[in-house]
Amino acid sequence: MRSRFAVPVALALLTVPLAAPAMAADPSTDGLVITEYVEGTSFNKAIEIYNGTGATVDLEGLELRLYSNGRPLADGPNATHAFTGELADGDVYVLTHPSFNDDEGFVLGGEVDATSGAVNFNGDDAFTLVDTTTGEVVDSFGQVGVRETYGQDVTLRRTDLTRDTVADDAWDDSAWASFPSNAVDQLGVFPDDSDGDGGDDGEVVCDTPSDELTLISEIQGSGIDPTERFDSPLDGQTHTIRAVVTMADSDLNGY
């Protein structure tokens, strides 16, 4: 654990989530579900699909169908992408545009599984995931047949795993948390550990009784004398701490 005080005290990590996801701790769905949508600068377009069915899913026969500029279902999609391979239970699949992240230099939370020219939406398009063996719409994004700005220059992450299997029904943005353009730090990672507003909507779980927790203020040194800034009275001891986590930074690999 890191802090700006850098006190050399051995700490036992709290068994609490940094920021609980807005959905249940063990999200499950009766089918594959779209969990992230990225409509960033240039060709930084991506979608993420989650498998919470409880079993590995064969992706053969699954197809992404893009409907651009309000194109109706009856006219068929503007572009399609056929998926291959398998997706394990609890895993995610990331599909991006072939020119995704060419020169941006940002780092994804996970990995890209495949690329496709069909991932070329512009914030006012809609798309579906279809099981071509049955014709069933597995999930959808936006409202097919209606040209409306659902997500322009934005990253959207699903907070409600209820699938939208009616492709031309009204778009419900309450099922999504919004993030800035090119926010890809959680792309390829699920469950998302941010609820969209920096808050913590989940239950904090800690096995240590509260009277056995040590406040961070009791551990940190005074810092009054720069030559003695690490003068913690608990130096060398091991404690389970109680504190407010204000930031998790992947670059620092800590809190």
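Within each chain, residue numbers correspond to sequence positions counted from 1 in written order. With pLDDT at 70 or above as the cut-off, local features in this predicted model cover only qualifying residues; side-chain atom pairs require 80 or more to be listed or tallied, and sums for whole chains, interfaces and linings still use all residues. Remark: hydrogens and water are excluded; side-chain values derive from all non-hydrogen atoms of the structure.

## Considering the overall build of the chain
Quick reminder of the rule: Helix and strand definitions follow DSSP, with helices as H or I runs of at least four residues and strands as E runs of at least two, each counted in order from the N terminus. The contact criterion used is simple: two residues touch if any of their non-hydrogen atoms lie within 4.5 Å. Per-residue accessibility takes into account occlusion by the displayed protein chains alone, with areas from the Shrake-Rupley method and a 1.4 Å probe.
Within the chain one finds 1 helix and 15 strands. Contacts spanning at least 24 positions in sequence make up 69% of the contacts within the chain whose residues lie at least 6 apart. For the chain, the exposed surface amounts to about 13,300 Å²; the carbon and sulfur share of it is 45%.

## A short note on the environment of Asp169
With respect to the secondary-structure elements, Asp169 resides in the loop between strand S12 (154–158) and strand S13 (176–180). Here the alpha-carbon distance between Asp169 and Val146, two residues 23 residues apart in the chain, equals 9.5 Å. Not counting the four nearest positions on each side in its chain, Asp169 is found in contact with Gly142, Gln143 and Asp164.

## Thoughts on the pairing of strand S10 (residues 126–131)
As a reminder, the rule being used: In this scheme, a residue with accessible area under 20% of its type's maximum is buried, one over 50% is exposed, and one in between is partly exposed, where area comes from a 1.4 Å probe on protein chains only. Being paired, for any two strands, means DSSP has found at least two bridges between them.
Extensive coverage of S10 is indicated by the burial of 5 of its 6 residues. Note: S10 against strand S11 (residues 136–141), 5 bridges, orientation antiparallel. In the sheet register, Phe127 faces S11, and the bridge partner there is Phe141.

## Looking at the nonpolar core
To keep things clear, this is the line we draw: Here, the term nonpolar core denotes a set of buried Ala, Val, Leu, Ile, Met, Phe, Trp, Tyr and Cys residues that are joined through side-chain atoms within 4.5 Å.
In this structure, Leu64, Phe83, Phe127 and Phe141 are the most contacted members of the largest nonpolar core, which totals 28 residues. Mapped by element, the contributors of at least two residues to this core are strand S2 (33–39), strand S3 (45–50), strand S5 (62–67), strand S8 (92–96), S10, S11 and S12. Element by element, the count of residues in this core is highest for S5, at 3 residues. The contacts of Phe127, once residues within four sequence positions are left out, are Ile34, Tyr37, Ile47, Leu64, Arg65, Leu66, Phe121, Ser140 and Phe141. In this structure, Val94, Phe106, Val184 and Leu187 belong to the second largest nonpolar core, which totals 8 residues.

## Focus on the sheet that holds S10
For clarity, the threshold we go by: Axis lines are fitted to C-alpha atoms, over the contacting stretch for helices. Their N-to-C directions set the angle, which ranges from 0 to 180 degrees.
Spatial ordering of the open sheet is given by S6-S5-S10-S11, a layout of 4 strands whose pairing is antiparallel. Edge positions in the sheet fall to strand S6 (79–82) and S11, since each of these pairs with one other strand and no more. When the angles between neighbouring strand axes are averaged without regard to direction, this sheet yields 20°.

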